[in-house]
Amino acid sequence: MTTPSTTTTGATDAGPASAASGRRTSSRSAAAAAIELSGVTRTYGKVVAVDNVDLSIEQGEVVAFLGPNGAGKTSTIDMMLGLASPNRGEVALLGMRPRAAIERGLVSAVMQTGGLLKDLSVRETVAYMASVFANTQAVDDVLRGAGIAEIADRKVGKCSGGEQQRLRFALALLPDPAVLLLDEPTTGMDVEGRRSFWSAIREDAERGRTVVFATHYLEEADQYADRIVLISHGRIVADGSGAEIKALASGRTIRATLTDAESYDLHRLPGVDSVEVRGDTVLIHSRASDDVARHLLSATPARDLEITAQGLEEAFLSLTGDARSTADDANETESLR
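Residues numbered from 1 in each chain as written. Predicted model: local features only at pLDDT ≥ 70, side-chain atom pairs only at ≥ 80, totals over all residues. Heavy atoms only, no water.

S.K.: Which residues make up the pairing of strand β9 (residues 235-240), and what are the values?
M.R.: In this structure, strand β8 (residues 227-232) lies alongside β9, joined through five bridges in antiparallel fashion. Residue pairing in the sheet places Ile231 in a bridge with Ile236 of β9. Two successive antiparallel strands, β8 and β9, enclose a turn made up of two residues, where His233 displays a positive phi of approximately 55°. (Pairing = 2+ DSSP bridges. Helix = DSSP H or I, 4+ residues; strand = E, 2+ residues; numbered from the N terminus.)

In structure tokens:
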């Protein structure tokens, strides 16, 4: 693994890979799913962090893990990286156990935090890490790919949080891995930095790399992932494209201009979940939006009618409910990473 987990000591913790580069995969890995979880459960004491998860991710997919804090995202990624072992079930990367895939340089990770040597320059950090691998990409190519070539001579300690995260991304790219796992990768980046980062990720994925990322930014998952896996209370509650996830949230919102909307008892209409009045504007959430729209147009003086589907945020809240738990907090406390 090229980058440290959340409490390891940084670049010096990365071990050398074997002679096999990330893209020079074996015939076995070429035929296997990039990631396969079968009946995976992980507990920390009495806390169930991951609960009987089945998941298959094909090579070349860009997949977002989306869920509230404590939903089990980080615990799942830890098991994919071999940083934690499931209490039950099996985890395979490219047909191998996680540690075996990592030792072959097939898998890299960008974690939320991790020690970097602040007295080294950006280029020196990448060059140092390259020296511990049998096969790596050229340092300058990696710096360009991560979008940090222009700060190559800057001391790491002088880099912003977002720039340091881009440096971790560069380190992860060194062995040219087939699978890239990202845990909240844009933490600390400004809007422009996030946009540039995801542009680099998409270009990379188009060349065949599998990218799996955990995020709490809904717009990132919707915009950049081919597929979203929504996790709540350690379980997968939805799995599909952004459009498919949105469709799972029942109902649509009807917006209309309607004076004195309170007098029409709209909340009594069949299928209406909620009615909100904002001056002359009424917002109605309903599981029978066509029927409500027909009623507004035929039985009230409503005008400027507009019907919209649920957004990803509404789908997220609808499908996860109150999903805050202490699962990942228990993970961090017990593993002391």
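That shown, we press on.
S.K.: Describe the packing of helix α6 (residues 161-173) against helix α7 (residues 191-206), naming the residues involved and giving the relevant values.
M.R.: Packing of α6 against α7 leaves a shortest axis separation of 12 Å and a crossing angle of 10°. One element, α6, and the other, α7, form an angle in the roughly parallel class. Counting all contacts with α6, which are made through Arg166, Phe169 and Leu173, the residues of α7 involved are Gly193, Ser196, Phe197, Ala200, Ile201 and Asp204. Counted by class, the contact of α6 with α7 contains five nonpolar, two polar and two charged residues. (Axes fitted to C-alpha atoms, helices over the stretch in contact; angles between N-to-C directions. Parallel < 35°, antiparallel > 145°, perpendicular 65-115°, else oblique. Contact = heavy atoms within 4.5 Å. Nonpolar A, V, L, I, M, F, W, Y, C, P; charged D, E, K, R; others polar.)

S.K.: I'd like to hear about the nonpolar core, residue by residue, with values.
M.R.: In this structure, Phe169 and Leu182 are the most contacted members of the largest nonpolar core, which totals 46 residues. In terms of residue count, the dominant contributor to this core is α6 (six residues). If we skip the residues at most four places from it in the chain, Leu182 touches Ile77, Val110, Phe197, Trp198, Ile201, Val211, Val212, Phe213 and Ala214. Membership of the second largest hydrophobic core comes to 36 residues, among which are Ile57, Ile77, Met111 and Ile231. (Core = buried A, V, L, I, M, F, W, Y, C linked by side-chain atoms within 4.5 Å. Buried < 20%, exposed > 50% of the residue type's maximum accessible area, 1.4 Å probe, protein only.)

S.K.: Any chance you could break down the confidence of the model for the protein chain for me, citing the residues and the numbers?
M.R.: Residues with a pLDDT of 70 or more make up 85% of the protein chain, whose mean pLDDT is 82. Per-element confidence in the protein chain ranges from a low mean pLDDT of 39 for helix α12 (residues 327-335) to a high of 97 for strand β4 (residues 88-93). Scored below 50 in pLDDT, residues 1-29 shows 92 contacts in the model against residues more than four places distant or in partner chains. Every residue in residues 322-337 scores below 50 in pLDDT, and together they form 38 contacts with partners more than four places removed in sequence or on other chains. (pLDDT = per-residue confidence, 0-100.)

S.K.: I'd love a proper account of the packing of helix α4 (residues 122-130) against α6, names of residues and values included.
M.R.: Running from N to C, α4 and α6 cross one another at 25°; their axes reach a closest spacing of 10 Å. Classified by the interaxial angle, the pair formed by α4 and α6 is roughly parallel. Crossing handedness for the pair α4 and α6: right-handed. Taken together, the residues of α6 that come into contact with α4 (itself represented by Val122, Thr125, Val126 and Met129) are Leu167, Ala170 and Leu171. (Left-handed = near helix turned anticlockwise from the far one by under 90°.)

S.K.: Describe the environment of Ala225, with residues and values.
M.R.: Position of Ala225 relative to the elements: it lies in the loop between α8 (218-224) and β8. Remark: the alpha-carbon pair of Ala225 and Val62, spanning 163 residues in sequence, is separated by 5.2 Å.

S.K.: Describe the packing of aromatic side chains, listing the residues and the values that go with them.
M.R.: In total, this model carries four aromatic pairs according to the counting rule given. Ring geometry for Phe197 and Trp198: centres 5.3 Å apart, planes at 80°, overall edge-to-face. Phe197 sits in the buried class, given a relative accessible area of 0%. The buried category is assigned to Trp198, whose relative accessible area is 0%. Their ring planes at 55° and their centres at 4.5 Å tell us that Trp198 and Phe213 sit as a pair that is tilted. With Trp198 in helix α7 and Phe213 in strand β7 (residues 210-215), the pair connects residues that are 15 residues apart, well separated along the chain. No difference in accessibility class separates Trp198 from Phe213, as the two residues are buried. Among the aromatic side chains, those forming a connected cluster through ring pairs are Phe169, Phe197, Trp198, Phe213 and Tyr224. (Phe/Tyr/Trp six-rings, centres within 6.5 Å; stacked < 30°, edge-to-face > 60°.)

S.K.: Explain the pairing of strand β10 (residues 252-257) to me, and be specific about the residues and the numbers.
M.R.: Pairing of β10 with strand β12 (residues 281-286) involves six bridges; the strand directions are antiparallel. Bridge pairing in β12 links Arg255 to Leu283. As defined by bridge partners, β10 adjoins strand β13 (residues 303-309) across five bridges and the pair is classed as antiparallel. Residue pairing across strands places Ile254 opposite Ile307, the latter belonging to β13.

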